[in-house]
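Here are the chains, one letter per residue:
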Amino acid sequence: MDKKRVNNLIKEYVKRFKCKPTHVVKSCGRLEVIGNHVDYQNGYLINASIENMSIVGVCAKRKDNVVRIISLGYPAIEFKTSQIELDKKNDYETSKGLAKGVFKYFEKHGCKKGGFNIVMDSTLPSGVGVSSSAAFSMVISKTLSMFYNASKKLDNVFLALASQWAENTYFGKNSGLQDQLGSCSDGMEILDFENPEKPTIKHFIPNLGNYKIVLVKSKTSHANASAAFNSIPADYQKIAKKYHAKNLRELDWKKFVKDYMVEPYCNKREYKRASHYGFELFRVSRSFLALKDSKMEEFKLCIYESGVSNKNNLQNILIPGQKQSNLLDVYETSVRTIKDGAVRIHGGGFGGACFVIINKRELPAYEKRMSRLVGKENIYHIEISTHALEWIKL
C-alpha cells in the first residue's frame, strides 16, 4: 500500500477529527477479464482486482452510533446506525444509500453495528467499468466487519453479498455479484455462479509474459443506455423460457444450436445473444487454462472472439438506432491497429471502455494512435492486485 497516500489520509483524518485513526482499509476496482453478460444467468467468468485503481481509507471506532464518512472531494456523509431504513427519495444513487444498505444487510443477518469515522480517497476513474460503487461499499463492509464483527470471521463472499444487496436495494442499481467479488480478488479468479448465493471461486496468478492489459476509455456515456442494457437479460430470458429452462445455464444447448443453425432463428437478436452466452462460457474455460499455462496465443484468440461476439451477437456496442459511437471507434481502431494482441468490450457495454491485451513492444505505438482518438489520459495500464481487500492496524 502506498505509504505516502496513507500518511496524507492520516493527516486529513487528524485535521477533521482531532485524533488519530487506528486502521487502514483498502478495496480495489474490478477488471472483467472475460465473461461478458453471463453472471446473472448463472454463468462463469474471469475477474481480477486492479491494484492501481483503489479506494483507501483510514478509520477508527466511535463511542456512539454515528457513522461519519469523508470521501475527499465529495460532501461528507453522516447517519446514525439506528436510522438506516431505506429513504428512496434521498438514498437512491448516493454513497450514503450504499453505506446505509450495508449496515441494514448486516443487521438483517444478526451482525453487530456501531459508529466509526473514516476518511478515504479514490484513484478509480469513471467511465471504464471498474465499479467504484462496489469498491466503496466493500470498504464499508470490511470496516463494519472488522470493528464490530471480527469474532464472526465474515468471509469476502458475505461482504460482497452485503455490498451487492446495498447496491441493488438502497442504491437502486441492479448489479451481479461479480463487481463486488472483483473488488476483493487476489490475483485473478474464475467465478462460477451456478449457485448465485454461494459462488464457486478459484484464485490463480496469471502469467501474462510479455503482454500488458490496458483499458481504453471511449468517452461514450451510458446515460441513455438503460433500455439497451435491460434488453439483454430480457432476450436471454425469452430463450430460456422458449426451451423450458430457468436460465441459460440450464438450456438444452444441443437443441438450441440445431435451431440456431437455420433460418429464421440465426438472424433473431435473442438467438444471437443466447449464442454469445454459450460460446462465451466456452471462451472463459479456454482462457482459464491458457492464463494458467501462459498460452498467450490461445488467450488472445479468446479475447478476439469475445470482441467479435460483442459486436455481432451480444450487440452491446451501439444503442439501437445508433450508427456510430466513440466506443465503436475505439473497438474498430484497436482491431485495425493491434498486430499482437486483441480487444473486447469491458463491462456492460453501450459506452464505457475496451479491454485490450497487447504485446509490450507494440504498446507505445498503440498508445500514440489511441491518444489521437481519445486522449492519453483515457488510456489506463492495469496492474493486477494480489492483496485487494486489506485491513491493517496502524
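That block above? That's the structure.
Rules behind the numbers
Residues numbered from 1 in each chain as written. Predicted model: local features only at pLDDT ≥ 70, side-chain atom pairs only at ≥ 80, totals over all residues. Heavy atoms only, no water. Helix = DSSP H or I, 4+ residues; strand = E, 2+ residues; numbered from the N terminus. Rg over C-alpha atoms; globule rule 2.2 N^0.38 Å. Buried < 20%, exposed > 50% of the residue type's maximum accessible area, 1.4 Å probe, protein only. Contact = heavy atoms within 4.5 Å. Areas by Shrake-Rupley, 256 points an atom, 1.4 Å probe, with all protein chains shown as cover. Lys, Arg positive; Asp, Glu negative; His and termini not counted. Charge placed at Lys NZ, Arg CZ, Asp CG, Glu CD. Salt bridge = Lys/Arg side-chain N within 4 Å of Asp/Glu carboxyl O. Axes fitted to C-alpha atoms, helices over the stretch in contact; angles between N-to-C directions. Parallel < 35°, antiparallel > 145°, perpendicular 65-115°, else oblique. Nonpolar A, V, L, I, M, F, W, Y, C, P; charged D, E, K, R; others polar. Pairing = 2+ DSSP bridges. Disulfide = S-S within 2.5 Å. Arc of directions from axis to C-beta. Core = buried A, V, L, I, M, F, W, Y, C linked by side-chain atoms within 4.5 Å.

Thoughts on the overall build of the protein
Broken down by element type, the protein carries 12 helices and 12 strands. Relative to the compact-globule value of 21 Å for 394 residues, the protein shows a C-alpha radius of gyration of 21 Å, a close match. Based on the C-alpha atoms only, the size of the protein along its principal axes is roughly 70 × 50 × 40 Å. Out of the 394 residues in the protein, the part that is buried amounts to 57%. Nonlocal contacts in the protein, meaning residues at least 24 apart in sequence, comprise 73% of its contacts between residues at least 6 apart. In the structure as shown, the protein presents an accessible area of about 17700 Å², 50% of it carried by carbon and sulfur atoms. Side chains of the protein give 61 positive and 40 negative charges; the mean places of these two sets differ by 4 Å.

Topic: the pattern of salt bridges
Tallied over the entire structure, the rule returns 27 salt bridges. Notably, a salt bridge pairs Glu280 with Arg283, separated by 2.8 Å at the nearest N-O pair. Within this pair, Glu280 and its partner Arg283 are both found in helix α9 (residues 269-292), separated by three residues, close to a single helical turn. As far as burial versus exposure is concerned, Glu280 and Arg283 are alike and both buried. Between Glu305 and Arg286 there is a salt bridge, with its nearest N and O atoms 2.9 Å apart. One end of the pair, Glu305, is in helix α10 (residues 296-314); the other, Arg286, is in helix α9, with 19 residues separating them in the sequence. With a relative accessible area of 25%, Glu305 lands in the partly exposed category.

Side note on the packing of helix α7 (residues 226-242) against α9
When two helices pack together, their arrangement is given by the angle between the helix axes and the distance between those axes. Viewed as axis vectors pointing N to C, α7 and α9 meet at an angle of 90°, and their least axial separation amounts to 9 Å. With respect to α9, the axis of α7 lies roughly perpendicular. Contacts between α7 and α9 involve Ser231, Ile232, Asp235, Tyr236, Ile239 and Lys242 on the former and, on the latter, Arg269, Glu270, Tyr271, Arg273, Ala274, His276 and Tyr277. Residues that form the contact of α7 with α9 fall into these classes: six nonpolar, two polar and five charged.

Digging into the sheet that holds strand β8 (residues 211-217)
One open sheet holds the four strands; their spatial order is β9-β10-β8-β11, and the pairing between them is antiparallel. The open sheet is flanked by β9 (341-346) and β11 (379-381), the only strands paired with a single partner. Strand-to-strand, the axes of this sheet are offset by a mean angle of 25°, without reference to chain direction. Taken together, the three bridges between β8 and β11 define a ladder with antiparallel strand orientation.

Here we look at the state of the cysteines
Taken as a whole, this structure holds zero disulfides when the rule is applied. Of the cysteine sulfurs around Cys111, a residue in no disulfide, the closest is that of Cys184, at 16 Å.

What to know about helix α8 (residues 253-260)
Along α8, the positions that sit buried rather than exposed are Phe256, Asp259 and Tyr260. Buried residues in α8, looked at end-on, bunch into an arc of 100°, giving them a common side. Pointing more than 90 degrees away from the buried face of α8 are the exposed residues Lys254 and Lys258. Close packing links the buried residues of α8 with α7, α9 and α10.

Brief notes about the nonpolar core
With 95 residues, the main nonpolar core has Ile46 and Ile69 as its most contacted residues. Dropping the residues within four chain positions of it, Ile46 is found in contact with Leu31, Glu32, Val33, Ile34, Met188, Glu189, Ile190, Phe204, Val284, Ser287, Phe288 and Leu291. If you look at the next biggest cluster of nonpolar residues, it comprises 18 residues, including Val216, Val330, Ile338 and Val343.

Quick notes on the side chain of Glu270
Relative to the helices and strands, Glu270 is located in helix α9. Lys268 provides the closest opposite charge to the buried, unpaired Glu270, separated from it by 4.9 Å.

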